[in-house]
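Single-letter residue listing:
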Amino acid sequence: MHNTLQYEEVRERARGAFLGLAIGDALGAPAEFMTAGEIKTKYGLLKEIVGGGWLRLKPGQVTDDTEMALCIARAVASRRQWELLPIAENFSRWLRSKPIDVGDTCRRGIRDFMLTGRLDALPNAWDAGNGAVMRVLPVALFTLGDDPFMADCAVAQAHLTHNHPLSDSACVWLCRLVQRALLGSSKYALRREVDTLLAEQPKFKFDPYPGLATGYVVDTMQTVFHHFFRTRDFESCLVGTVNQGGDADTTGAIVGALAGAYYGEEGIPRRWLKKMDRHLMNEISRLAEELLAPSPQGRRMRGDG
Ligand code: MN
Ligand code: MN
């Protein structure tokens, strides 16, 4: 009985994480590539899901961040098994569908897979972009309860397009923090966790916050950490993040996944959920549950193996 109750709670947080990713993407996308000053002039404070931006989005429309996470989630959830090839095939199908936005490193990696079948992009000094971490959330859900498995999967999905140690670190760290949050860690404990990570990789130090929110994975993660740890609810965390501008849809998506895991679905403002496509939100909720259920921790909590 106790286990069932606890599992329900983790599941609610898992839904919050995946919904949070999509909502952060949709909230931030209109501000992508704007400076904080430009956002202020145009929106005052951007705190509604308004659409527009350089991609001329409909309100609630998501971009590559959510779409690539869905490529991973669908491949893994339908098989209840981690396999890289179906993920790469979903990426290829997605690229052929002419998505509204694709990062250069992602495009190059997927094209390379389409031409050669390569599942491990060559190391590249210019690959320290945030394109692998923005889509890593499904790994955190599916590998809950097995740290080495999580790290393997987080890096393997990254290397389909991005092969750089800073990107690898960010992918593993985000999964670790999301997983701790799913299992109910306090913010204080998460902050301690980040401190041990920073001891390994001091480049990501975010206090004092340098204020850059570009697509460089170090800038991205500093922005995510800064806003996650200085706010007390999902809404102010996301609003603070996207109003930083820069790669606002991607910082929004990443912090949305983390804050969604921490505050749960209940913490997401209703007015934001209402702006999103209902079918997409239903699919995302379902995928979050389908990824969590076969995870090692999910199985233990459900009394299945
Ligand atoms: Mn995007
Ligand atoms: Mn972006």
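Residues numbered from 1 in each chain as written. Chains lettered and ligands numbered in written order. Predicted model: local features only at pLDDT ≥ 70, side-chain atom pairs only at ≥ 80, totals over all residues. Heavy atoms only, no water.

With respect to the overall build of the chain
Helices and strands together make up the secondary structure of the chain, namely 15 helices and zero strands. Taken against the 2.2 N^0.38 rule, which gives 19 Å for 305 residues, the C-alpha radius of gyration of the chain at 18 Å falls within 12% of a compact globule. Counting only C-alpha atoms, the chain reaches 55 × 45 × 45 Å along its principal axes. The buried share of the chain, taken over its 305 residues, is 59%. Within the chain, residue pairs in contact and separated by at least 24 positions form 73% of the contacts whose partners lie at least 6 positions apart. (Helix = DSSP H or I, 4+ residues; strand = E, 2+ residues; numbered from the N terminus. Rg over C-alpha atoms; globule rule 2.2 N^0.38 Å. Buried < 20%, exposed > 50% of the residue type's maximum accessible area, 1.4 Å probe, protein only. Contact = heavy atoms within 4.5 Å.)

As for the coordination of the manganese ion (ligand 1)
Bound to the manganese ion (ligand 1) on the protein side are T63 (OG1), D64 (OD), D65 (OD) and D249 (OD), at distances that span 2.0 to 2.3 Å. In primary-sequence terms, the residues that donate to the manganese ion (ligand 1) follow T-D-D-x183-D. The metal-metal distance between the manganese ion (ligand 1) and the manganese ion (ligand 2) is 3.5 Å, with D249 serving as a donor to both. Given the relative accessible area of 6%, D64 is considered buried. The class of D65 is buried, set by a relative accessible area of 0%. (Donors = N, O, S within 2.8 Å, 3.2 Å for Na, K, Ca; no water.)

Some details on the coordination of the manganese ion (ligand 2)
Within the protein, E32 (OE), D247 (OD), D249 (OD) and T250 (OG1) serve as the donor atoms for the manganese ion (ligand 2), at 2.1 to 2.5 Å. Each donor residue of the manganese ion (ligand 2) belongs to the same chain, and together they define the spacing E-x214-D-x1-D-T.

Quick word on the nonpolar core
F18 and F228 are the most contacted members of the largest nonpolar core, which totals 105 residues. Ignoring anything within four residues of it in the chain, the contact list for F18 reads A69, L70, A73, L137, P138, L141, I284, L287, A288 and L291. (Core = buried A, V, L, I, M, F, W, Y, C linked by side-chain atoms within 4.5 Å.)

Description of the pattern of salt bridges
Applying the stated rule across the entire model yields 16 salt bridges. Close ionic contact of R118 with D112 constitutes a salt bridge, the shortest N to O distance being 3.3 Å. For R118, a relative accessible area of 34% gives the class partly exposed. When its relative accessible area of 29% is taken as the criterion, D112 is described as partly exposed. (Salt bridge = Lys/Arg side-chain N within 4 Å of Asp/Glu carboxyl O.)

Focus: the side chain of T231
Note on placement: T231 falls in the loop between α10 (217-230) and α11 (234-242). Side-chain polar atoms of T231 contact the backbone oxygen of H227, separated by 2.6 Å. What T231 contacts, discounting residues up to four positions off in sequence, is K187, S236, C237 and Y263. (Polar contact = N/O pair within 3.5 Å; in protein donor to acceptor, adjacent residues only side chain to side chain.)

Distances and angles like these do not, on their own, reveal function.
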